[in-house]
Amino acid sequence: MAGALLDLQAQDGETYWQQRAEYEMEIEMDVSTNRFTGEQKLTYYNNSPDTLDRVFYHLYFNAFQPGSMMDVRSLTIEDPDRRVGDRISKLTPEEIGYHHILTLEQDGKEVSHKISGTILEVWLNEPILPGEKSEFSMTFESQVPLQIRRSGRDNAEGIEYSMSQWYPKMAEYDYRGWHANPYIGREFHGIWGDFDVKITIDPTYTIGGTGILQNANKIGHGYQDEGKTVEHGSDPITWHFVAENVHDFMWAADPDYTHETAQVPGGPLLRFFYQKNDENQEAWAQLQDYMVQAVPFMNKTFGEYPYESYAFVQGGDGGMEYPMATLITGNRNLRSLVGVAVHEMFHSWYQGVLATNESLYPWMDEGFTSFASSITMQHLFQPESDAFPHSGSYRGYYFMANSGDEEPLTTHSDMYHSNRSYGINAYSKGAVFLAQLGYVIGEENMMKGLRQYYNKWKFRHPTDVDVIREMEKVSGIELDWYLTNFVYTTDQVDYAIEYVRSAGEETFVQLQRIGEMMMPIDLYVEYNDGTTEIYYMPLRIMRGEKPVENEEASRVNMPAWPWTYPTYGLRISRPLSEIARIEIDPTGRMADTDRSNNVYDNTVEIIPFTDPTR
Ligand SMILES: [Zn+2]
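Per chain, residues are indexed from 1 in the order of the written sequence. Local features in this predicted model are restricted to residues whose pLDDT is 70 or higher, and side-chain atom pairs enter the listing and the counts only when it is 80 or higher, whereas totals over whole chains, interfaces and linings include all residues. Working from all heavy atoms in the structure, the side-chain values ignore hydrogens and water.

Asker: Looking at this structure, how should I read the sheet that holds strand β28 (residues 554-557)?
Answerer: Following DSSP output, two strands are said to pair if at least two bridges run between them. Note on conventions: DSSP H or I runs of at least 4 residues are helices, E runs of at least 2 residues are strands, and numbering of each starts at the N terminus. Within the open sheet, the five strands sit side by side as β28-β27-β26-β30-β31. Their pairing is mixed. Each edge of the open sheet is held by one strand with a lone partner, namely β28 and β31 (599-601). Strand-to-strand twist in this sheet, taken as the mean axis angle between neighbours without regard to direction, amounts to 15°. Sheet topology note: the strand β30 (residues 579-584)/β31 ladder contains three bridges and is antiparallel. An axis is simply a line fitted to the C-alpha atoms; with a helix, the fit covers only the stretch in contact. Between two such axes, the angle follows the N-to-C directions and lies from 0 to 180 degrees.

Asker: In this structure, what is going on with the pattern of salt bridges? I would like to understand it.
Answerer: Once their charged atoms are close, side chains differing in charge can pair, the charge on each being opposite to the other. Whenever a carboxyl oxygen of Asp or Glu lies within 4 Å of a side-chain nitrogen of Lys or Arg, that contact is scored as a salt bridge. All told, the structure shown has 26 salt bridges when counted by the stated rule. The closest approach of N and O atoms between Lys41 and Glu24, which form a salt bridge, is 3.6 Å. Of the two residues, Lys41 sits in strand β2 (residues 35-45) while Glu24 sits in strand β1 (residues 20-30), which places them 17 residues apart along the sequence. For Glu24, a relative accessible area of 41% translates into the label partly exposed. One salt-bridge network, held together by shared partners, links Glu443, Asp522, Lys546, Glu549 and Arg589. Summary of the burial criterion: residues with accessible area below 20% of their type's maximum are buried, those above 50% are exposed, and those between are partly exposed, where the area comes from a 1.4 Å probe applied to protein chains only.

Asker: Which parts of the structure should I look at to understand the coordination of the zinc ion?
Answerer: In an ideal octahedron of six donors the angles at the metal are 90 or 180 degrees, and in an ideal tetrahedron of four donors they are 109.5 degrees. Taken together, His343 (NE2), His347 (NE2) and Glu366 (OE) make up the full set of protein donors to the zinc ion, lying 1.9 to 2.1 Å away. Note that water is not among the atoms considered, so a metal site may appear incomplete; the donors listed are N, O and S atoms within 2.8 Å of the metal, with 3.2 Å applied to Na, K and Ca. Sequence spacing of the donor residues for the zinc ion, all on one chain, is H-x3-H-x18-E. Each member of the pair, His343 together with His347, is buried.

Asker: In this structure, what is going on with the packing of helix α5 (residues 334-346) against helix α6 (residues 362-381)? I would like to understand it.
Answerer: Geometrically, a packed helix pair is captured by the angle between its two axes and the distance between the axes. Taken N-terminus to C-terminus, the directions of α5 and α6 make an angle of 135°; their axes are 9 Å apart at the nearest point. Relative to α6, α5 is oriented oblique. The two elements α5 and α6 meet at a crossing, and its hand is right-handed. Counting all contacts with α5, which are made through Arg335, Val338, Gly339, Val342, His343 and Phe346, the residues of α6 involved are Glu366, Thr369, Ser370, Ala372, Ser373, Thr376, Met377, Leu380 and Phe381. Here roughly perpendicular refers to angles of 65 to 115 degrees, roughly parallel to angles under 35, roughly antiparallel to angles over 145, and oblique to all remaining angles. Working rule for handedness: look at the near helix, and if it is turned counterclockwise from the far one by less than a right angle, call the crossing left-handed; if clockwise, right-handed. Between two residues, a contact is recorded if the distance between any of their heavy atoms is within 4.5 Å.

Asker: Honestly, the domain arrangement of the protein chain in this entry has me stumped. Any pointers?
Answerer: It is common to give the size of an interface as the accessible area lost on bringing the parts into contact. Where each domain starts and ends follows an automatic or database-derived domain assignment. Segmenting the protein chain into domains produces domain 1 (19-174), domain 2 (376-488) and domain 3 (495-608). Here the C-alpha centroids of domain 1 and domain 2 sit 32 Å apart. Regarding the contact of domain 1 and domain 2, the summed buried area is about 550 Å², with carbon and sulfur atoms giving 29% of it. The term buried area denotes the loss of accessible surface (1.4 Å probe radius) that occurs when two parts are joined, taken as the sum for both partners. On the domain 1 side of the contact with domain 2, Arg73, Glu78 and Asp79 bury the most area, a combined 64% of that side's loss. Between the two partners, domain 1 and domain 2, sit two salt bridges. Measuring nitrogen to oxygen at the nearest pair gives 3.9 Å for the salt bridge that ties Asp79 to Arg420. In protein, a polar contact requires one atom able to donate a hydrogen and another able to accept it; more generally it is a pair of N or O atoms within 3.5 Å, and residues adjacent in sequence count only if both atoms are side-chain atoms. Our enumeration of links across domain 1 and domain 2 arrives at six residue pairs in polar contact (both at pLDDT 80 or more).

Laid out in structure tokens, this is it:
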């Protein structure tokens, strides 16, 4: 109990703390060997209340070696990612990735360290006291792996360098301690801070990625002031990027990039890096117009994007988000290209700015991103439609829930028993979490709560408790039951109309909770005269009611349902002969895993009812 209370206190806005990292890196890339040397100066601020005697770095490229944990995971999981499969096991010495640490010092003195797979363990000479900082200086030599997953060289579309998870990166330490998770191909958690990165590379390469280029007029490549051109000789050139208040830094480089920009009125500047060809150029041209239209809608609906630029960079192996930029595969039709661009840019909200630990809360970045993307894609492609935008997410969730194979949303993202189970939970059930919350507290409250959560927790590491607390504050409704049951368990929602009976001038309806998961009920009663009434039964445990959402139907507020009661009987004040249809939540927002028992209509045989309580 004490532990749980401490957890909540640690995430309270007043006592919250987070570490800070300031990286300065100088990289020299040799494009003939795919190797680079690096110097890294890292100023690390221990803002925790704890004394640290060890630190850990991630060495992600080490995952791309035969026999690595990632390799074995892919060889043994029941449904391996097709992009990985057995490919790591077959990499040659020239194709593997690695980081060799040449020197490492803490505050000017050599420090003891050991590489263990994808983690560098460092035993400090001097512990770092609470409120103190320490400076780590490292030199390293790395080989860029052949692209297997996310990062690497020579991706399937011919992009030479997708440089994500590419540098020795200090692991995050937070109120739950160190997060030195071995890299087996999935999620990330990084320290908030600043990056100052100098990359020296062959002058024919164009670089796109995180950060603001500091020497644009010397570089050219589409970054320079309009009208100016920059001539380069054959000597390598040094690109200088700065990114402030981010938790990672990605870059990509290719000699055949086309670099175009589009300005969103009021900001940000959008950059597009892609290999233009006859098949994709039309889609990439239209993408720019779509994103200029999308970003103001995204800002207004979900909170303001806070950086001055954002880059869509062809690279990687699908779509993957990074601060201020994304890597996306680019040879797609328009709808697919806009879809991946919107999705990845939304990660700027859900993970980029609200930096939830992706290993612990993948549903809070992928799920919330899917939720926001579905709304935005409908706004872009079917602006007149009032269809429920999240039905695809519900279908995914129902498939998993009814398969008997569901794992709770709290499962660590590396430890799901299948990729399918991870994918449906993180993307679909995570989106359902929000859409269904709209049913529980009202759509407007939920959207307002989501913006409030963004504004309160931006540039921090929020948790599931932090989002539910904002939803409670905005609605005045208690929601701990919703978090604990829908997220921490696989309990399902299944409510039924058990029976409907005529009771003279009234109609008696018996509702039944079949699933373990409790929910408030909107019961729609449609009459033969075309009018509709909503009988609303909140849960007693909610200690409140949602506002009226549907102005076209009158709402009858019923006594709250104490969730332990398996049934709930109610009287409708009109005779059964006047009723056309009764349905539990026809909006489809309550994630009822068996909707077949949610409806009564007047084709069902009428059984005369004698109420024993009368
Ligand atoms: Zn995503």
